[in-house]
Amino acid sequence: MALLSAQNVSKSFPGVRALSGVSVDFQAGSVHALMGENGAGKSTLGKILAGVYRPDGGEILWEGKPVRFGNPRDALRTGVAIVHQELLFAENLTVADNLSLGDLPNNGPWIDERAMIDRAAAWLAEVGSNIDPRVRLGDLSVSKQQLVQIAGGVGRGAKVLVFDEPTAALSNVEALRLLDLIRRLRADGIACIYVSHRLDEIFAVCDEVTVLRDGEKVGTRAVADTSRADLVRMMIGRELGEGVETAADATGAVRLRVSGLSSRGKFSDISLEVRAGEIVGLAGLVGAGRTEVVEAIFGLDPHVKGTIEIDGKKVSPGSPAEAMAAGFGLVPEDRKRHGLVLGMSARANISLPILQRLAKSGWINDRQESSLADGYFQRLRVKAPSQLTIAKGLSGGNQQKLVIAKWLAADANVLLIDEPTRGVDVGAKAEIHALLRELAASGKAILVVSSDLPELRTIADRLIVMREGRAVAENSGRTEEETIMRQMTGV
Ligand SMILES: Nc1ncnc2c1ncn2[C@@H]1O[C@H](COP(=O)(O)OP(=O)(O)O)[C@@H](O)[C@H]1O
Ligand SMILES: [Mg+2]
């Protein structure tokens, strides 16, 4: 029998039906995800299960018997605790005070301070934490405050824990630790209800998943029998149109070959290959040396050692002019500083690296420049009022397209792209991904640095992970996000 069930639960807020007739069973020793797009009703269901809201219709069952939770304390007495998205504890009180709110251990008429602290420490130890119960809650990091909430629930004997988007405010490392803790709680027989819209977390820790859409239940599935595509389809109610297909096996010739590339204090012994038709991603934390590597390949590091070859020909390191002539193009991290001349027109930015080719006896042929720009505007779907619009006035996505256009016009065959969609809105992001895919399909070799791991997994055929200046792993683009995160952090 299910430990906790929602049966036909409905809830309305003024003007919104947040849940209509939703039924879900939650089992002991299992992690059950509640998924859905923003506004689907996930948090509302979580709060009803934990006594924060009362349902307008339907019932909550505990071990098959109807229960009514008037408030979160009722729910906790039965065995359900919630770890809130926004922290609701008193920041000015100590950890021990917070963990004693509502039931102070007493010694006759006196509050037993010592017992309070000892009990808090014991509860924290149960969730693997050694936070000092005497510190002010507000002085702890968000992840530690969250641990205090979990300790409070587990310590009071909760058998069901509701987590609402628990990793939203955590760093990668903290998120991985939380997932490990959730696995431990599950092993102790606790039912975890995990509200999230992050697919990777669902596959990393959840056993079952219920998808909500517009307040209705779409379905419940065993995670092991479900694919990402299934979940996305359930969440959005249609196929994912913008899904960019990655080329399965790039079989083109090696265009970029780097071996034993080192630069003191920045990175060491980096070797990699990118074939025509292939997109290779460089993943890693900020400071891992990814940007330094692509800059060195482009000739911007005068101290670099090792060999760099393009289409089988060596280029001497430390010379951007030679790198450009050989066919390298760099789309830098900070396009506003290094990728574009912001005060010049969109058109002039495209033709910058090939001015010489266009210039006849010192003059740029205006018609040539214009038709060149036209071609790239169309091919890359640049949206600008005109070719003569100043680059500064364009959106981030269109600026980025200009930088790419500039290198295409220069016939670059190996594109080094650092943070392709930083500061670019969602629609333009999908377009840039499709564009990179198209360019690879046309025979370019592309090396991409991105801090957006889902982005890298979408566009890259292979992923090289860097940590502290070294390449520590190589993966297919399909490798789970959690695996890559562990390689990035060395956890
Ligand atoms: N306290 C509230 N008052 C009014 N409307 C609310 C309240 N809580 C949620 N809603 C509405 O109910 C719907 C479901 O919200 P919610 O459960 O927070 O969704 P989710 O957590 O899936 O993003 C949304 O349309 C939201 O605006
Ligand atoms: Mg929510």
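Because the structure is a prediction, the values reported are computed rather than measured.

Draft legend 1. Representation of the overall build of the protein in the model. Along the protein, the regular secondary structure elements total 18 helices and 24 strands. Across its three principal directions, the C-alpha atoms of the protein cover 95 × 50 × 40 Å. Relative to its 491 residues, the protein shows a buried fraction of 43%. Look at the contacts in the protein between residues 6 or more apart in sequence, and 66% of them connect residues 24 or more apart.

Draft legend 2. Examining helix 14 (residues 366-379) more closely. In a regular helix each residue adds 1.5 Å, so 14 residues correspond to 20 Å; helix 14 covers 20 Å between its end C-alpha atoms and thus fits that length. What helix 14 keeps buried is the set Glu369, Leu372, Ala373, Tyr376 and Phe377. End-on view of helix 14: buried residues confined to an arc of 135°, all on one side of the axis. Turned more than 90 degrees away from the buried face of helix 14, the exposed residues are Arg367, Ser371 and Gln378. Within two residues after helix 14, Arg381 carries a phi angle of roughly 50°, on the positive side.

Draft legend 3. How the structure looks around the nonpolar core. In this structure, Phe328, Leu416, Ile446 and Val448 are the most contacted members of the largest nonpolar core, which totals 72 residues. Residues contacting Val448, with those up to four places away along its chain left out, are Ile279, Gly281, Leu282, Ile417, Pro420, Leu456, Ile459 and Ala460. By size, the runner-up hydrophobic cluster in this structure holds 64 residues, among which are Val9, Phe69, Ala120 and Ala121.

Draft legend 4. Local environment of the domain arrangement of the protein. On domain assignment, one finds that the protein holds domain 1 (4-236) and domain 2 (254-489). Each of domain 1 and domain 2 has a C-alpha centre, and the two are 43 Å apart. Residue-level contacts link six residues of domain 1 with six residues of domain 2. At the level of secondary structure, the elements contributing two or more residues to the side of domain 1 that touches domain 2 comprise helix 6 (172-187) and helix 7 (199-205). Split into classes, the residues belonging to the side of domain 1 that touches domain 2 amount to four nonpolar, one polar and one charged.

Draft legend 5. Broad picture of the pairing of strand 24 (residues 470-476). Sheet analysis places strand 23 (residues 462-467) next to strand 24, joined by six bridges and oriented antiparallel. Each residue of the ladder has a partner; that of Val465, found in strand 24, is Ala473. Hairpin connection of strand 23 to strand 24: two residues between the antiparallel strands, including Glu468 at a positive phi of 45°.

Draft legend 6. Fine view of helix 6. With 16 residues, helix 6 should cover 22 Å at 1.5 Å per step; its first-to-last C-alpha distance of 23 Å lies within 8% of that length. Looking at helix 6, one finds that the buried residues are Ala175, Leu178, Leu181, Ile182 and Leu185. When helix 6 is viewed along its axis, its buried side chains cluster within an angular range of 115° and face the same direction. Among the exposed residues of helix 6, those oriented more than 90 degrees off its buried face are Arg184 and Ala187. Check the buried side of helix 6 and you find it contacts strand 3 (31-35), strand 9 (160-164), strand 10 (191-195) and helix 7. Just past helix 6, the residue Gly189 takes up positive phi, approximately 95°.

Draft legend 7. Fine view of the sheet that holds strand 24. In space, the six strands of this open sheet follow the order 18-21-22-15-23-24, with mixed pairing throughout. With partners counted over all chains shown, the strands left at the sheet margins are strand 18 (328-331) and strand 24, one partner each. Within this sheet the neighbouring strands show an average axis-to-axis angle of 20°, counted without direction. Across four bridges, the pairing between strand 18 and strand 21 (residues 414-418) is parallel.

Draft legend 8. Local environment of the packing of helix 6 against helix 18 (residues 481-489). Taken N-terminus to C-terminus, the directions of helix 6 and helix 18 make an angle of 125°; their axes are 10 Å apart at the nearest point. It follows that helix 6 is oblique to helix 18 by the angle criterion. The hand of the helix 6/helix 18 crossing is left-handed. Every residue of helix 18 that contacts helix 6 at Asn172, Val173 and Leu176 is listed here: Met485, Arg486 and Thr489. Class assignment of the residues belonging to the contact of helix 6 with helix 18 gives a composition of three nonpolar, two polar and one charged.

Draft legend 9. Looking closely at the sheet that holds strand 12 (residues 216-222). Taken together, the six strands give an open sheet; going across it, the order is 6-9-10-3-11-12, and neighbouring strands pair in mixed fashion. Because the sheet does not close on itself, it has two edges, and the strands there are strand 6 (80-83) and strand 12. With strand direction ignored, the average angle separating the axes of adjacent strands in the sheet is 20°. Where strand 3 meets strand 10, four bridges bridge the pair, whose relative direction is parallel. Each residue of the ladder has a partner; that of Leu34, found in strand 10, is Val195. Docked against the sheet, helix 1 (residues 42-49) engages strand 3, strand 6, strand 9, strand 10 and strand 11 (208-213), running at close to 150° with respect to strand 10.

Reading guide: rules and limits
Residues numbered from 1 in each chain as written. Chains lettered and ligands numbered in written order. Predicted model: local features only at pLDDT ≥ 70, side-chain atom pairs only at ≥ 80, totals over all residues. Helix = DSSP H or I, 4+ residues; strand = E, 2+ residues; numbered from the N terminus. Buried ≥ 20, exposed ≤ 12 C-beta atoms within 10 Å, placed from the backbone. Contact = placed C-beta atoms within 7 Å. Expected span 1.5 Å × (residues − 1). Arc of directions from axis to C-beta. Core = buried A, V, L, I, M, F, W, Y, C linked by C-beta atoms within 7 Å. Domains from an automatic or database assignment. Nonpolar A, V, L, I, M, F, W, Y, C, P; charged D, E, K, R; others polar. Pairing = 2+ DSSP bridges. Axes fitted to C-alpha atoms, helices over the stretch in contact; angles between N-to-C directions. Parallel < 35°, antiparallel > 145°, perpendicular 65-115°, else oblique. Left-handed = near helix turned anticlockwise from the far one by under 90°.

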